[in-house]
Amino acid sequence: MQNYEESVSFLGTWGPFQKRVFFLLCFTIVPCGYNLLSVIFLLAIPPHYCHIPAYSNLSQEWIQASIPVQQVAGQTERSSCSRYELDLVRNLSALGTRPTLDLVHNLSAQGSSPEVLVSSLKQEGCKDGWIYSTEYYQSTVVSEFNLVCSDQWKQPLTSLVYFLGGLFGCFVSGQISDRIGRKPVLFGAITIISVFSSAVAFAPSWPVFIMLFFVLGMGQITSFIVAFVLGSEILIGSTRVLFSSLCLPCTYVFSMMLLPGTAHLVRSWRYLSLIMAVPGLACIPLWWLVPESPRWLVSRDRLQEAELLLRSAALENRVEAPHVIFFNVTKATNQKGQSVSFLDLLRTPNIRHITLMLWLMWFSLSVSYFGLSFNMSGLYGNPFLNYFLVTAVELPAYATSWLTVRSLPRRRSYISLILLGALAVLLIQIPLHSHPTLTLCLVLLGKFGILAGFGVLYTLTGELSPTVIRNTAMSSCAMSSRVGSSVSPYLMQLAVFCQFLPWIIVGSLSLLSVLLCVFLPETFKKPLPDTMQQMALTQRFRWPWASTPAPKDSEKSAKDQTMASEIICATHL
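Residue numbers restart at each chain and count upward from 1, following the sequence in its written direction. Local features in a predicted model are, by the rule used here, given only for residues with pLDDT of at least 70; side-chain atom pairs are given and counted only at 80 or more, and totals for whole chains, interfaces and linings are based on all residues. Values shown for side chains rest on all heavy atoms present in the structure; no hydrogens or waters enter the calculation.

Trainee: Is there a simple way to explain the packing of helix α11 (residues 237–265) against helix α19 (residues 394–407) in this structure?
Mentor: To characterise two packed helices, one gives the angle between the axes of the helices and the distance between these axes. Running from N to C, α11 and α19 point in directions that differ by 175 degrees, and their axes come no closer than 9 Å. Considered as vectors, α11 and α19 are oriented roughly antiparallel to each other. Residue-level contacts link Val241, Leu242, Ser245, Leu246, Pro249, Cys250, Val253, Phe254, Met256 and Met257 of α11 to Glu394, Leu395, Tyr398, Ala399, Ser401, Trp402, Val405 and Arg406 of α19. Here the nonpolar group is Ala, Val, Leu, Ile, Met, Phe, Trp, Tyr, Cys and Pro; Asp, Glu, Lys and Arg are the charged ones; every other residue, Gly included, is treated as polar. For the contact of α11 with α19, a count of residues per class yields 14 nonpolar, two polar and two charged. To obtain each axis, a line is fitted to C-alpha atoms, and for helices this fit is confined to the stretch in contact; angles are then taken between N-to-C directions over 0 to 180 degrees. Think of it this way: any DSSP run of H or I at least four residues long counts as a helix, any run of E at least two long counts as a strand, and we number them from the N terminus. Reported orientations rely on four angle classes, namely roughly parallel under 35 degrees, roughly antiparallel over 145, roughly perpendicular from 65 to 115, and oblique for the rest. Contact definition: two residues touch when any of their heavy atoms are within 4.5 Å.

Trainee: Looking at this model, I keep getting lost on the side chain of histidine 48. Mind explaining?
Mentor: Examined against the element boundaries, histidine 48 turns out to sit in strand β1 (residues 48–50). Residue histidine 48 is classed as buried on the basis of its relative accessible area of 10%. Within the structure, histidine 48 has its side chain in polar contact with the backbone oxygen of proline 46 (distance 2.9 Å). Once you skip the residues sitting within four places of it in the chain, histidine 48 turns out to touch Ser79, Ser80, Trp130, Ile131, Tyr132, Val148 and Cys149. Exposure classes here rest on a 1.4 Å probe applied to the protein chains alone. A residue is buried below 20% of its type maximum, exposed above 50%, and partly exposed in between. N or O atoms within 3.5 Å of each other form a polar contact, as long as, within protein, one can give a hydrogen and the other can take it, and as long as residues adjacent in sequence are counted only when both atoms are side-chain atoms.

Trainee: Help me understand the confidence of the model for the protein chain, please; the structure alone is not making it clear to me.
Mentor: Every residue is assigned a pLDDT by the predictor, reflecting its confidence on a scale from 0 to 100. Averaged over all residues, the pLDDT of the protein chain equals 78, while 83% of them reach at least 70. Here helix α24 (residues 552–562) stands out as the element of the protein chain with the lowest mean pLDDT, 38, in contrast to helix α12 (residues 269–275), whose mean of 92 is the highest. In the predicted structure, residues 329–337 sits below a pLDDT of 50 and forms 17 contacts with residues beyond four places in sequence or in another chain.

Trainee: Would you take a moment to explain empty space enclosed by the protein for this structure?
Mentor: Over the atoms, a rolled probe matching the size of one water molecule traces out where space is still vacant. A pocket here means an open set of points on a 1 Å grid, computed over the protein atoms alone, that has protein on both sides within 12 Å along at least five of seven lines. A cavity is instead a set of points where a 1.4 Å probe fits but cannot get out; residues with an atom within 4 Å of a point line either one. Grid points are joined across faces, edges and corners, and a volume is the space filled by probe spheres set on the points. Across all of its chains, the model carries eight cavities of 30 Å³ or more by this definition. Of all elements in the fold, only α10 (206–234), α11, α17 (349–376), α19, α21 (436–464) and α22 (470–491) reach the threshold of two or more residues within the lining of the largest cavity. A volume near 100 Å³ is recorded for the second largest cavity. Around the second largest cavity, the lining comprises 13 residues; the ones closest to its centre are Ser232, Arg240, Ser244, Thr459 and Glu463. Among the elements of the structure, α10, α11 and α21 are those that each provide at least two residues to the lining of the second largest cavity. Among the elements that line the lining of the second largest cavity, the one with the most residues is α11, at four residues. Residues that form the lining of the second largest cavity fall into these classes: four nonpolar, six polar and three charged.

Trainee: Please explain the nonpolar core as it appears in this structure.
Mentor: The nonpolar side chains of a soluble globular protein tend to be buried with one another. Side-chain atoms within 4.5 Å are what join buried Ala, Val, Leu, Ile, Met, Phe, Trp, Tyr and Cys residues into a set we call a nonpolar core. Phe209, Phe213, Tyr414 and Leu457 are the most contacted members of the largest nonpolar core, which has 158 residues in total. Residue contributions to this core peak at 15 residues, all from α10. Here leucine 457 is in contact with Leu358, Met361, Trp362, Leu365 and Tyr414, once residues within four sequence places are set aside.

Trainee: Looking at this model, I keep getting lost on the side chain of serine 159. Mind explaining?
Mentor: Tracing the chain through its elements places serine 159 in helix α8 (residues 154–180). Taking relative accessible area as the criterion, serine 159 reaches 5% and is therefore assigned buried. Beyond its immediate sequence surroundings of up to four residues, serine 159 is in contact with Val39, Leu43 and Pro489.

Trainee: Can you walk me through the pattern of salt bridges in this structure?
Mentor: Any two side chains of opposite charge can pair if their charged atoms end up close together. Salt bridges are identified by distance alone: a Lys or Arg side-chain nitrogen within 4 Å of an Asp or Glu carboxyl oxygen. Inspection of the entire model under this criterion finds 13 salt bridges. The partner of arginine 20 in a salt bridge is glutamate 316, with the nearest N and O atoms 2.9 Å apart. With a gap of 296 residues between them, arginine 20 in helix α2 (residues 16–27) and glutamate 316 in helix α15 (residues 303–317) connect regions that are remote in the sequence. Relative accessible area serves as the criterion here: at 26%, arginine 20 is assigned to the partly exposed category.

Trainee: Whenever I open this one, the environment of phenylalanine 370 confuses me. Can you help?
Mentor: Tracing the backbone through its elements, the reader meets phenylalanine 370 in helix α17. Sequence-wise, phenylalanine 370 and serine 488 are 118 residues apart; in three dimensions their C-alpha atoms are separated by 5.9 Å.

Trainee: Could you clarify how one ought to interpret the state of the cysteines in this entry?
Mentor: The term disulfide refers to a covalent linkage connecting the sulfur atoms of a pair of cysteines. A pair of sulfur atoms, both from cysteines and within 2.5 Å, is called a disulfide here. The final tally for this structure, using the stated rule, is two disulfides. Here cysteine 81 engages in a disulfide with cysteine 149; their sulfurs sit 2.0 Å apart. Across the S-S bond of cysteine 81 and cysteine 149 the torsion is about -95 degrees, and the bridge reads as left-handed. Of this pair, cysteine 81 sits in the loop between β3 (75–78) and β4 (83–84) while cysteine 149 sits in the loop between α7 (141–145) and α8, placing them 68 residues apart in sequence. Classification of cysteine 81 as partly exposed rests on a relative accessible area of 34%. When the cysteines of the protein chain that form disulfides are numbered from the N-terminus onward, they connect as 1-3, 2-4.

Trainee: Just to check I follow, could you spell out the packing of aromatic side chains for this structure?
Mentor: To describe a pair of aromatic rings, one takes the distance between the centres and the angle between the planes. Between the rings of Phe, Tyr and Trp (Trp by its six-membered ring), a pair exists once the centres lie within 6.5 Å; its type follows the angle of the planes, with under 30 degrees stacked, over 60 edge-to-face, and the other angles tilted. Under the defined criterion, the tally for this structure stands at 21 aromatic pairs. Ring geometry for tryptophan 14 against phenylalanine 22: centres 5.3 Å apart, planes inclined by 90 degrees, an arrangement best described as edge-to-face. Judged by relative accessible area, tryptophan 14 falls into the partly exposed class, the value being 39%. Taking relative accessible area as the criterion, phenylalanine 22 reaches 2% and is therefore assigned buried. A network of ring pairs unites the aromatic residues Phe145, Tyr162, Phe163, Phe209, Phe213 and Trp269 as a single cluster. Sitting over the ring of tryptophan 287, lysine 183 keeps its end group 4.5 Å from the ring centre. We call a charge positioned over a ring when the NZ of a Lys or the CZ of an Arg lies within 6 Å of the ring centre and within 35 degrees of the ring normal.

Trainee: Looking at this model, I keep getting lost on the environment of arginine 270. Mind explaining?
Mentor: Residue placement: arginine 270 occurs in helix α12. Between the C-alpha atoms of arginine 270 and serine 139, which are 131 residues apart in sequence, the distance is 8.3 Å. Apart from the residues within four sequence positions on either side, arginine 270 is in contact with Glu144, Phe145, Val200, Ala201, Phe202 and Ala203. Side-chain polar atoms of arginine 270 contact the backbone oxygen of alanine 201, separated by 2.6 Å.

The following block contains the structure:
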């Protein structure tokens, strides 16, 4: 099993079999990306103000003046959560008085109606509900269930529940995938996305909605993680690098970019939820075209199934398979046939140190990424165009990630990109509010650096994790990421204490991940580990660009892992 990639090298790297797996797995990502930040449109808060019932019999002047006026960000806006006491306003209107904003009460010399200073009147809440603007949305979850004013806390809580669903899904799906296979979990997650996207459209109340939304979040991140692992294990060489670092993320981004256009055409959140189920339904027939991971089959001591799959792939690629594909694997497979669990990630000191560092890095970048995304979605202007542009900036980030992963060491690439993003975020404090264009450029640059670094981190995590527990390791990191994304909706509210505090936290967490990366082992041009014993050792503090001789106590372990100098490396072009 140490020579798995050498054993399957007869298939080549870009035959019909690899092309089929490559493009079909990219297509299975569309439902996941399409649903990622659906909370932005389903939970959008339209401009609103208190409803004045028609039976109030107010004059037109008093109807206009019954809503208090306030200053928001230097602009005059009608209050969203209060109105002047309706009974008092009704009595004043019946007496023939006129509302005024002047500071002086006066009576006209001609005996016209007396004027009343409206700012001196008592205010009350919106007892008769709200009127919502339909400029951009016909209806949202917020407008239908009135998640505003005293119930405004329910709106970010709903986003939190969605991301907590993803956290729970990562915890469960990773272990299930390492036990029963990648393919069943992948299509199970896609089915969950389709079923529960449809189900939320019929939610009669907010409590029912958040329960269904929780399950939808479970399927969303699970499908991406499993597709990433499945492709990384089936594809080898440069094809794997192209798949995991460029094509899969770019397909993910393109599917995200479809959502603003759909939301622009379908302004009702219930119809939008139904449409979000369509990509998943289209992916379900792919069950008969996407194969199971042969690498996982071998790791579970199911050699006959793995050989049958690879011989079928050889026929598809029109190459001749060797008489015996896997030999000298009995000892390895016996070790890997044993059950592994989430706790194995913390069993030995070396594995525990690597796991904890990866968890902190994923958490830090997730807080930074989603914090920037939620903040940028609040830009002035058309929300559909804003979200499209915010998503589009991810394409050059993933392209940069792919270029660096192709030919540069993982740690050096990660540190350089994250430092760029962290520096841009920390500099936002200088032009904040005074130069909006410069601020926007720094935010985009920060998101570019953080997201490009995130792409490198995906590859690094997959290459550090052994086959027997790779999906569990990736899912545990995604769990840590979902903890960060759950915190992010509340991050910008820290600006109440200090307007620079959210940006300082984002930049500081990015710098923390850079520091942790220094201690991780390098995986560039090294084969993927298959057993827990083959995991690389953590590093002492040393700059990534400094040459580091192999420790004496690890030379034997490294020799056992490679077995031959001719082995085909996991990420070598």
